[in-house]
Amino acid sequence: MSANSSRLLISAVRTVRCQSCGAQPLRLAPLARAYSIDSPTLIGGSQKSQAIQKLEKLSNSHSLTHRNLSAVASSLKGQYRPLSRFDFLDVGEVEENIKKALTCRGLRRFIVNPDIASLIADHLDSDLSENRAVIFECNPGPGVLTRTLLNAGAQRVVALESEKTFLPDLQALESSLDGRLEVVHCDFFKLDPIGKGPMKPPAMFTEKLFNDLGITEVPWTADVPVKVIGIFSQRNERNMLWKLIYALYERLSVFRYGRVELIMFISEKEYTKLTANPGDLRQYQALGVLWQMACDIQLLHKEPWSSFVTTSKHGGPAIPRSMFTNDHLCLVRMTPRRDLFTGTLTTSNSATLVMMIKQCLAKRKAKLVDRLNAKTTAWQQHVSEDACSSLRSSSRGGVRAVSQGSWSPGSGPKLLKQLELPEDIFTGHIYPEEYKHLFQAMEHSEEFLQSWLYEEILENTQNTGFQ
């Protein structure tokens, strides 16, 4: 269906809903869907506008109260009227959106196809209609997804745009939406940098961002307060995943305000590693175990790389090279678990859990009992492996090697027996929840001497950039 036809249909819906004429809402015949959520590619054919589907749902619902557009328009004759929830925002044609996206000179990936934007909105349908969480959109660029979310019923979208080129159009849209859209010159992926002092956008501290938006902390067991939507940068995707998981376990940065949910496009390669199962000794790594332990991870959709526009100042490859299958970007929902923190696992000792899992899975073919009994060596990882240096660097530069010590000297067999695990089991065969139970058992073990761990971890976390 063309854009002009969509507007004519929407105009018809508004007209027949006029209460002064007493007419019944117009029943629109269903049209064929242009794509399948289960299919990684889009197919041809006519498409029913997502905005029209929303309008039908709202028109036929007597449980929701909303303004009658005709009544409001007649009362504001000759006056400026901000756009209401019934005004359809034109998301533009693909070619037009591509031109806008290509004005960005940095390495970024953009959503330019309205069908992909509608697919994302479909997965947020209940949250948008029930007006639950605030939506943070990371680097919206031309604003295709921004407008689609608003058309789908989103009542509060915060566009965090790092590129000044896109700010004027987004700010013009913001001024016409009566508070439903807020535009901030900010890069979500540069929140909470290391150090103190003046902060220059797009870098920003989370505390300032949330205070300016009027978003307050909620208990960890409360509903999700914020949903973050975007695309991870292919340049530092893994580093960002490490930075976020550290912040999650210590409830810092955005997670200080509650169970912030991430709905992000990530590479198929990283998604495979995040969701790998025990026994897959190539893919099953510490980062995946930590994310699986902390969050419910749900794959919503796979989309080929070619569906996105990639810009690069130096003309870099649109698809990163990989020895693993990496043909798609995966839309993944990561929801922090309500029961992550218990009486045993807290924000005070969670850094110790992270350290334990990293050390155990450094050698996935090693026996767990040997790792528990062995002397602990230096806890130093290369910067490219994770974001440890970004979060744990002190003013003297980097994470220090920890002192020699033991995780649980001599008590390894006792712990494994308590957890009903084979004494010869490999570290790469332990499920994430079993690692959590292991840590809890160690916390209650009289033999587990951990004072040196806390001393070293505290020293290395005193100068983080989090506020």
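Keep in mind that this is a model prediction, so the values were computed, not measured. (Residues numbered from 1 in each chain as written. Predicted model: local features only at pLDDT ≥ 70, side-chain atom pairs only at ≥ 80, totals over all residues. Heavy atoms only, no water.)

A tally of regular secondary structure across the protein chain gives 18 helices and 11 strands. For the protein chain, the proportion of its 467 residues judged to be buried stands at 52%. Contacts in the protein chain between residues far apart in sequence, at least 24 positions, make up 77% of those at least 6 positions apart. For the protein chain, the exposed area adds up to about 21300 Å²; of that, 50% sits on carbon and sulfur atoms. (Helix = DSSP H or I, 4+ residues; strand = E, 2+ residues; numbered from the N terminus. Buried < 20%, exposed > 50% of the residue type's maximum accessible area, 1.4 Å probe, protein only. Contact = heavy atoms within 4.5 Å. Areas by Shrake-Rupley, 256 points an atom, 1.4 Å probe, with all protein chains shown as cover.)

Turning to unusual backbone geometry, a few remarks are in order. That bond from P201 to P202 is cis: its omega, 15°, falls within 30 degrees of zero. Tracing the chain through its elements places P202 in the loop between strand 4 (181-185) and helix 9 (206-213). Positive phi values are uncommon outside glycine, yet N139 reaches one of about 50°. Structurally, N139 is set in the loop between strand 2 (134-138) and helix 7 (144-151). Assessed through its relative accessible area of 16%, N139 is described here as buried. In this structure, S253 is a non-glycine residue whose phi angle is positive, near 55°.

A word on the state of the cysteines. With the rule as written, the count across this model stands at zero disulfides. Free of any disulfide, C138 has its nearest neighbouring cysteine sulfur in C186, separated by 8.7 Å. (Disulfide = S-S within 2.5 Å.)

Now for helix 8 (residues 167-175). Taken as a whole, helix 8 has its buried residues at L167, L170 and L173. For helix 8, the angular spread of the buried residues around the axis is 130°, confining them to a single face. (Arc of directions from axis to C-beta.)

In this section: the UniProt feature "binding site: S-adenosyl-L-methionine" (unreviewed entry) in the protein chain. According to UniProt, the feature "binding site: S-adenosyl-L-methionine" (unreviewed entry) maps to I111, E161 and D187 in the numbering used here. The subset of the named residues that lines the largest pocket consists of I111 and D187. Not counting chain neighbours up to four residues away, the residues in contact with I111 comprise I116, A117, I120, V144, L145, I231, F265 and F308. Along the chain, E161 turns up in strand 3 (residues 157-161). Dropping the residues within four chain positions of it, E161 is found in contact with R108, N139, P140, G141, F166, L167, L170, V184, H185 and C186. (UniProt positions renumbered as here; feature names shortened; annotations may be inferred. 1 Å grid on protein atoms, 1.4 Å probe; cavity = no way out; pocket = protein on both sides within 12 Å on 5 of 7 lines; lining within 4 Å.)

Right, let's get into the nonpolar core. Side chains that are nonpolar tend, in soluble globular proteins, to be buried together. Core analysis: the largest hydrophobic core is formed by 72 residues, its most contacted members being F136, F188, L209, W291, I357 and Y435. Apart from the residues lying within four places of it in its own chain, the contact partners of W291 are L241, L244, I245, L248, L262, L274, I297 and M334. (Core = buried A, V, L, I, M, F, W, Y, C linked by side-chain atoms within 4.5 Å.)

Before going further, it helps to spend a moment on the side chain of E237. The residue E237 is located in helix 10 (residues 237-250) in this model. Those residues in contact with E237, other than ones at most four positions away along the chain, are F232, I266, S267 and E270.

Let's shift gears to the packing of helix 12 (residues 286-294) against helix 17 (residues 432-443). Where helix 12 contacts helix 17, the axes come no closer than 8 Å and their chain directions differ by 80°. Considering their axes alone, helix 12 and helix 17 lie roughly perpendicular with respect to each other. Together, V289, Q292 and M293 of helix 12 and P432, Y435 and K436 of helix 17 make up the contact between the two elements. For the contact of helix 12 with helix 17, the class distribution of residues is four nonpolar, one polar and one charged. (Axes fitted to C-alpha atoms, helices over the stretch in contact; angles between N-to-C directions. Parallel < 35°, antiparallel > 145°, perpendicular 65-115°, else oblique. Nonpolar A, V, L, I, M, F, W, Y, C, P; charged D, E, K, R; others polar.)

Taken as a whole, this structure holds 11 salt bridges when the rule is applied. E96 is the partner of K100 in a salt bridge, and the nearest nitrogen-oxygen pair spans 3.5 Å. Here K100 and its partner E96 are both found in helix 4 (residues 94-101), four residues apart, which amounts to about one turn of the helix. A salt bridge links R256 to E217; the shortest N-O distance between them is 2.8 Å. Here R256 is found in the loop between helix 10 and strand 6 (261-267), whereas its partner E217 is found in the loop between helix 9 and strand 5 (226-231), with 39 residues between them in sequence. (Salt bridge = Lys/Arg side-chain N within 4 Å of Asp/Glu carboxyl O.)

Turning our eyes to something else, we now look at the pairing of strand 4. When a strand is regular, its side chains alternate between the sheet's two faces. For strand 4, the buried fraction is high: four of the five residues fall into the buried class. Bridging between strand 3 and strand 4 involves five bridges; their strand directions are parallel. Looking at strand 4, one finds that A159 is bridged to V183. (Pairing = 2+ DSSP bridges.)

Inspection of every chain in the model, using the stated rule, returns eight aromatic pairs. Taking the centre distance of 4.2 Å and the plane angle of 20° together, the rings of F210 and Y257 count as stacked. With F210 in helix 9 and Y257 in the loop between helix 10 and strand 6, this pair connects stretches of sequence that are 47 residues apart. Y257 matches F210 in its accessibility class, with the two residues each being buried. On the basis of an interplanar angle of 75° and a centroid distance of 5.3 Å, the ring pair of W220 and F341 is categorised as edge-to-face. Here W220, found in the loop between helix 9 and strand 5, pairs with F341, found in the loop between strand 9 (328-336) and helix 13 (350-360); they are 121 residues apart in sequence, far enough to count as distant. Comparing W220 with F341, the two get one shared label, buried. (Phe/Tyr/Trp six-rings, centres within 6.5 Å; stacked < 30°, edge-to-face > 60°.)

The next thing to look at is the pairing of strand 5. With respect to burial, strand 5 is a largely interior element, six of its six residues being buried. In strand 5, alternate side chains face the same way, and those of V226, V228 and G230 on one face and K227, I229 and I231 on the other are all buried. Bridge count for strand 5 against strand 6 is five bridges, and the pairing is parallel. Bridge pairing links I231 to F265 in strand 6.

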